[in-house]
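Chain by chain, the residues run as shown.
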Amino acid sequence: MTQVKSAPGGRMLTVLRVHLPSEIPIVGCEITPYVLLRRPDGGIFTDDVSEASPVDGYFMRYKWYRIQSDRRAAICSVHPTEEATLQCIGCLKSKIPVAKSYHCSAKCFCDAWQHHRVLHERAISALNENGTEEEELFGRFGSGSSSSGIISTALSGSTPNLSQNSGFNNGPTPVYPTGTEKSSGETWFEVGRSRTYTATADDIGHVLRFECVVVDLETRGTVRVPTSVMTSRVIPAPTPTPRRLIPVNTADAMGHFDLDGRTSSFGTFTVLSYNILADTYATSDTYSYCPTWALTWAYRRQNLLREIIGYHADIICLQEVQNNHFEEFFAPELDKHGYQALYKRRTTEVYAGTPQAIDGCATFFRRDRFSHVKKYEVEFNKAAQSLTDAIIPAAQKKLALTRLVKDNIALIAVLEAKFGNHGTENPSKRQLLCVANTHINIHHDLKDVKLWQIHTLLKGLEKIAVSADIPMLVCGDFNSIPGSTSHGLLAMGKVDQLHPDLAVDPLGILRPLSKLTHQLPLVSAYSSFARMASVGYDLDHQRRRMDPTTNEPLFTNCTRDFTGTIDYIFYTADSLTVESLLELLDEDSLRKDTALPSPEWSSDHIALLAEFRCTPRVRR
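Residues numbered from 1 in each chain as written. Predicted model: local features only at pLDDT ≥ 70, side-chain atom pairs only at ≥ 80, totals over all residues. Heavy atoms only, no water.

**Student:** I would appreciate a short explanation of the overall build of the protein in the present structure.
**Tutor:** Each helix and strand counted, the protein has twelve helices and 31 strands in total. Here the protein, with 620 residues, has 55% of them falling under the buried criterion. Counting only contacts in the protein whose residues sit at least 6 apart along the sequence, the fraction spanning at least 24 positions is 74%. As displayed, the protein offers around 27200 Å² of accessible surface, 50% of which is attributable to carbon and sulfur atoms. (Helix = DSSP H or I, 4+ residues; strand = E, 2+ residues; numbered from the N terminus. Buried < 20%, exposed > 50% of the residue type's maximum accessible area, 1.4 Å probe, protein only. Contact = heavy atoms within 4.5 Å. Areas by Shrake-Rupley, 256 points an atom, 1.4 Å probe, with all protein chains shown as cover.)

**Student:** Please clarify how the pattern of salt bridges should be interpreted in this entry.
**Tutor:** Between side chains of opposite charge, a pair can form when the charged atoms approach closely. According to the stated counting rule, one finds 23 salt bridges in the structure shown. A salt bridge links E462 to K459, with the shortest nitrogen-to-oxygen separation between them at 2.7 Å. Here E462 and its partner K459 are both found in helix α9 (residues 447–467), three residues apart, which amounts to about one turn of the helix. We classify E462 as buried; its relative accessible area is 13%. (Salt bridge = Lys/Arg side-chain N within 4 Å of Asp/Glu carboxyl O.)

**Student:** Can you walk me through the environment of D202 in this structure?
**Tutor:** Tracing the backbone through its elements, the reader meets D202 in the loop between β12 (197–198) and β13 (207–216). Using a relative accessible area of 26% as the deciding quantity, one classes D202 as partly exposed. Separated by 136 residues in the primary sequence, D202 and R66 place their C-alpha atoms 9.3 Å from one another.

**Student:** Can you walk me through the side chain of H103 in this structure?
**Tutor:** Position of H103 relative to the elements: it lies in strand β7 (residues 102–103). Classification of H103 by relative accessible area gives buried; the value is 1%. Excluding its chain neighbours within four sequence positions, the residues that come into contact with H103 are C76, S77, V78, A84, T85, L86, C108, F109, A112 and H116.

**Student:** Mind showing me how you'd approach the packing of helix α5 (residues 297–310) against helix α6 (residues 323–336) here?
**Tutor:** Describing two packed helices takes the angle between their axes plus the distance from one axis to the other. Contact geometry for α5 and α6: axes closest at 11 Å, N-to-C directions at 35°. Considering how the two elements wind past one another, α5 and α6 form a crossing that is right-handed. From α5, W297, R301, Q302, L305, I308 and I309 reach across to α6, where they touch H325, F329, F330, E333 and L334. Here the residues of the contact of α5 with α6 are counted per class, giving seven nonpolar, two polar and two charged. (Axes fitted to C-alpha atoms, helices over the stretch in contact; angles between N-to-C directions. Left-handed = near helix turned anticlockwise from the far one by under 90°. Nonpolar A, V, L, I, M, F, W, Y, C, P; charged D, E, K, R; others polar.)

**Student:** Would you explain the packing of helix α7 (residues 380–391) against α9 in this entry?
**Tutor:** Remark: α7 packs on α9, axes separated minimally by 11 Å, with the N-to-C direction vectors making an angle of 100°. Between α7 and α9, the angle is such that the two are roughly perpendicular. Contacts from F380, A383, A384 and L387 of α7 reach α9 at W452, Q453, T456 and L457. Of the residues belonging to the contact of α7 with α9, the class tally is six nonpolar, two polar and no charged. (Parallel < 35°, antiparallel > 145°, perpendicular 65-115°, else oblique.)

**Student:** Sorry, what's going on with the pairing of strand β17 (residues 315–322) here?
**Tutor:** Each regular strand displays side chains that alternate between the two surfaces of the sheet. For β17, the buried fraction is high: eight of the eight residues fall into the buried class. Bridging between strand β16 (residues 268–275) and β17 involves five bridges; their strand directions are parallel. Across the sheet, residue S273 finds its bridge partner in β17, namely C317. Inspection of the sheet shows β17 paired to strand β19 (residues 359–366) by six bridges, in the antiparallel sense. Across the sheet, the residue bridging to Q322 is D359, located in β19. (Pairing = 2+ DSSP bridges.)

**Student:** Where do I start with the state of the cysteines in this structure?
**Tutor:** Covalent bonding between the sulfur atoms of two cysteines is what defines a disulfide. Per the counting criterion, the structure on display carries zero disulfides. Just so you know, C104 is unpaired, no disulfide at all, and the nearest cysteine sulfur is the one on C76, 3.7 Å from it. (Disulfide = S-S within 2.5 Å.)

**Student:** Just to check I follow, could you spell out the sheet that holds β19 for this structure?
**Tutor:** Hydrogen bonds between backbone groups are what pair the strands of a sheet, and the pairing can be parallel or antiparallel. Reading across the sheet, the seven strands line up as β15-β30-β31-β16-β17-β19-β18 and stay open at both edges, with mixed pairing between neighbours. With partners counted over all chains shown, the strands left at the sheet margins are β15 (245–247) and β18 (339–345), one partner each. Going from strand to strand, the sheet's axes swing by 25° on average, the running direction of each strand aside. Here β15 runs beside strand β30 (residues 576–582); their pairing, made up of three bridges, is antiparallel. Counted as the bridge partner of L245 is L582 from β30. Sitting on the sheet, α5 touches β16, β17 and β18, and the angle it makes with β16 is about 160°.

**Student:** I'm lost on α5 in this one. Help?
**Tutor:** Side chains that are three or four residues apart share a direction in an α-helix, a result of its 3.6 residues per turn. With 14 residues, α5 extends 19 Å between its outermost C-alpha atoms, agreeing within 8% with the 20 Å of an ideal straight helix rising 1.5 Å per residue. Among the 14 residues that make up α5, eleven are buried, leaving the element largely enclosed by the rest of the structure. Three or more residues of α5 are buried, namely W297, Y299, R300, R301, N303, L304, L305, E307, I308, I309 and G310. At its buried positions, α5 is contacted by β2 (30–31), β16, α4 (292–295), β17, α6 and β18. Just downstream of α5 lies H312, where phi reads positive at about 55°. (Expected span 1.5 Å × (residues − 1).)

**Student:** Would you mind going over the sheet that holds strand β23 (residues 472–477) with me for this structure?
**Tutor:** Taken in spatial order, the six strands line up as β20-β21-β22-β23-β29-β24 in an open sheet, and their pairing is mixed. Only two strands of the sheet have a single partner each, and these edge strands are β20 (370–379) and β24 (522–524). Sheet twist, expressed as the mean angle between neighbouring strand axes with direction ignored, is 20°. Of the pairings in the sheet, the one linking β24 to strand β29 (residues 567–572) comprises three bridges and is antiparallel in character. Note on β29: the bridge partner recorded for V523 is Y571. On the sheet, α9 packs against β20, β21 (409–417), β22 (432–439), β23 and β24 and is oriented at approximately 160° with respect to β23. Docked against the sheet, helix α10 (residues 485–492) engages β24 and β29, running at close to 25° with respect to β29.

From the geometry alone we can't say anything about function, so treat these as descriptive.
Printed below as a string of C-alpha cells:
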C-alpha cells in the first residue's frame, strides 16, 4: 500500500490545478499538461519538479494511461472527432492508408468526394505508370489493384490494424498489460511516466488519462491523492492530399531573352517559400472556423514540419518564424535532416509583446548541396531612418517615421553550389546563388510603404548583382496582389506611372516616379504554368488554377476574409530556368467550405516550390 504523508500545518508541495492545452490529442503531437503548483512557502509556479530537483523534500510523479474499452472505434477521416460508420472499400483495394477510408456518414462521404477521389486517381496513376509503389512529395500511397468505382459499406465492428511502432519518448516503458480491469469493461494501460506524452497510433480511438501526485523524497510515499485529467479520444493526424511537382517545358519561357548562345546547363535544385503563420497570430478570434485543437502549436508544428520535410527542398525560405520556435524547434529539427539554418528576426520598435515571440525570416539549405558564403540583413527601419534624414523636413520626421517604421526585414544569403558544373565552358568556376527571403508590410492602406520596401530590397540586390555574376532568387510574402505597383516593379522592372496605387504617397517617398525601376531580369516562377505552350492533363489542370490576366496563381493565401496571391518566387531569367513547379491547390484540394488554416493545412498560406536549372548567363 502506498504511504500517504501529511506535513505539519499542511505546508507542503501542493497541486492546485491541472488542465490540458487541448482536450483532443492527435497522433504524433506532444501533450504537455498545465500543472499549477504551490510551494510550501506559498509561492505559485508551473515548473516541473523532478526527483533530481526536488522542492523542500518533495517531487512530482507522473503517469499516463490509455483507457481502452472492449470495442475499438474507427475515426472519420474527414471529421476526426467523430466515430466512423462507413468505409470506402475502394481505398482498401488501392492500398490507400486505412485511416483515410473511414467516414462518419453518407453525407460526409458525398461532401468529401471531390477531395477523396484524388487519392484514388493518384493510386491508379502510380499503378499505371510504375506498377509499384510510388512515393509522393507529401505522403505515400500503395499501387495495389483498384477500380474507378467506389464502394461504401457500413462498418461491421471489426477492428482495423492501426498499430505501428511510434518511436516517441514517453518515459520508461512499462511491461504490458499493467492496467486494472474495470466493471464497465474498460482496461487502463499505463503508457507513459513523464510529464509530457506523445500519442501513438495504438492510442487512436481511446481516451487518455494523465495523473500526477506529490511524492516525499525521503519516504517515497505519495502526499494526498493523485490529481488527474482525461482527454477526448485520440485522433489520427489529418493529412492533406499530396502535392506533386509538375514538369514544365521551359524552351520558350524566356522568349524575351536571346537563347542562341546558351550552352548546356549544369545542375538543378529546388526552392521552397512558405509563410507558416506564427503561433502568436494563430488565434481562435482570427481563425474561428478552424478547430481549436488544430490551432495549437503542439499540433501545428508537427504538421508543418512533416509537410516541409516532405517537399525535400534544397533551399527553404520560411516567413513568420517566431524567434523561440526557430531556436527550439525548426533549427534543431531541420538540422537532423541535413539543413543549415540562417535567421533574421524582425526589429522591435513596433512590437510590444514577448521578445521571444517576435517572428522573422528563416532560410535553410542542404549542406550536401550548398555551402554558406555570405549573409546580408536588411532592416527597413534603418532605411526609413536614413530616408527621413535625407528628404523629410525636421517638423515632419516623427510623422514620417510613424508611417515608415513597420519592423519588416529581409534575409539575403549567398550560397555556393556543391553540385558539378558539367558541360559548361569553365567547369572549375564557382557557382554562386543569391537567395533573398522577405516579409513585406501587411497594411493594405500603406501601398506606398510596401512599394518603397520592395524597391529598397531590389536596389540592394542590384548592388550584389554588380559585384558578382550571380543568379538570384527573391522569395517571400510580399503582401502585394498581382497587378499592384509592387508586383509590377518586381515582375516588369518598373511601375505604371498612371497606376492608382501611386496616388497614395503622403510623404513623397516615391518621387520622382522615374526612379522606381531596377535592372534585375526577374520573372515569377509560377507564371511558367501560364506561359507554357505544352499541353497535357497536368498543365491544363494547373492553368485552371491560374489568373489568365496576371499569369499568377488564383491564391496563395486563403482565409474567410481574403483569398488571393501575395506570395511569390521570383528568379533572374537570364541565369536560371524553371524545370518544374509544385502543383497549386484549388477547391478540390481543400475541404468543402473550409478556409485556411485547417486541420489538414496548418498555415493560412500555401507553400510554393520550384525546381530550377542553372544556365550560363547570356552575353549580349
